[in-house]
Amino acid sequence: MLKGKVAVITGSGRGIGKAIAVKLASYGANIVINDIPSSDYADETCEEIKAMGVDSIVIKGDVRKTEDVKRLISETMDKFGKIDIFVNNAGVTRDGLMIRMSEEDWDLVMDINLKGAFNCIKAVARPMMKQRSGAIINIASIVGVMGNPGQANYVASKAGLIGLTKTTAKEFASRGIRCNAVAPGFIRSAMTDVLADDVKQKYFDSIPLGKFGETEDIADVVAFLASDMSKYVTGQVINVDGGLVM
Ligand code: NAP
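Residues numbered from 1 in each chain as written. Predicted model: local features only at pLDDT ≥ 70, side-chain atom pairs only at ≥ 80, totals over all residues. Heavy atoms only, no water.

What follows concerns a negative patch on the surface. There is a patch of like negative charges on the surface, built from E103, E104, D107 and D111. By the secondary structure assignment, E104 is in helix α4 (residues 103-131). Take E104: its relative accessible area is 56%, and that puts it in the exposed class. (Patch = residues over 30% accessible without salt bridge, like charges linked within 9 Å, V, L, I, M, F, W, Y side chains within 5 Å. Areas by Shrake-Rupley, 256 points an atom, 1.4 Å probe, with all protein chains shown as cover. Salt bridge = Lys/Arg side-chain N within 4 Å of Asp/Glu carboxyl O. Lys, Arg positive; Asp, Glu negative; His and termini not counted. Charge placed at Lys NZ, Arg CZ, Asp CG, Glu CD. Helix = DSSP H or I, 4+ residues; strand = E, 2+ residues; numbered from the N terminus. Buried < 20%, exposed > 50% of the residue type's maximum accessible area, 1.4 Å probe, protein only.)

So, in structure tokens, the structure goes:
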């Protein structure tokens, strides 16, 4: 389905990003793993992917820094000569009630989750426009659709990412570039492992399918959005949440 395609996934050393990288590789795509410079997982993930018979490299860099993002794109172009798929997955939480939320925590989450995606889209748009093709997929969150107490910074960043997705879709559609978002619900990963048991239980009770999601559930939908199976789909937000929001 993706044989010979080139996919870049930010924050893909572990978690949902890693699952996306492995899934796209399983369909034949060559993979660029990006993660923060101090990542302990990126090299291991890269080796795992190469063992699947596709090409893979690690380009470390912080999505907040425009220089790092420019290097991510230029080194990918030097190695592979094109970028077919770009997944904005890097994201963090710094939860707390708004009244106690520090300016630093607000800025950090907005910088990585929203400005990071903007930096990447701006940088990858140039080669994709030249190619007159490309699929950009942004990993938002269901809380960006429904709001969530204790996550003002995170919710605002993900709601912003949904707006950015729709604008990107409209600005670049005429150049053959599609842009969609996936909004995960509660997915088992390092990000959700740290939540208190009562918070987990509350989510669990409101999921119609009666189970938490797995990282692979997100990767399956990203693979669809990355492929020609979704060639007439752009500007959409697909909730992958077991029916939590409908
Ligand atoms: P995760 O395990 O914490 O993975 C996030 C990845 O992003 C990590 O590899 C992290 O690096 C990397 N990263 C952090 N800051 C970065 C930066 N500035 N530049 C580049 N990479 C950076 O979390 P996850 O659950 O897989 O989340 C992945 C995405 O899904 C996020 O955007 C998150 O908001 C979204 N999401 C998750 C859930 C869920 O239930 N898990 C629900 C909705 C949305 P390190 O490993 O080195 O820290």
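One pass over the structure, following the stated rule, counts 3 aromatic pairs. Their ring planes at 25 degrees and their centres at 4.1 Å tell us that F186 and F212 sit as a pair that is stacked. On the criterion of sequence distance, the pair formed by F186 in the loop between β6 (177-184) and α7 (190-193) and F212 in the loop between α8 (197-205) and α9 (215-226) is long-range, its members being 26 residues apart. For the pair F186 and F212, a shared accessibility class is recorded, and that class is buried. Consider the rings of F204 and F212, whose centres lie 5.2 Å apart with planes at 80 degrees: the pair is edge-to-face. By relative accessible area, F204 is classed as partly exposed at 32%. The exposure class assigned to F212 is buried, which follows from its relative accessible area of 18%. Grouping aromatic residues by their ring pairs yields a cluster made of F186, Y203, F204 and F212. It is K79 that lies over the ring of F80; its NZ or CZ is 5.6 Å from the centre. (Phe/Tyr/Trp six-rings, centres within 6.5 Å; stacked < 30°, edge-to-face > 60°. Lys NZ or Arg CZ within 6 Å of the ring centre and 35° of its normal.)

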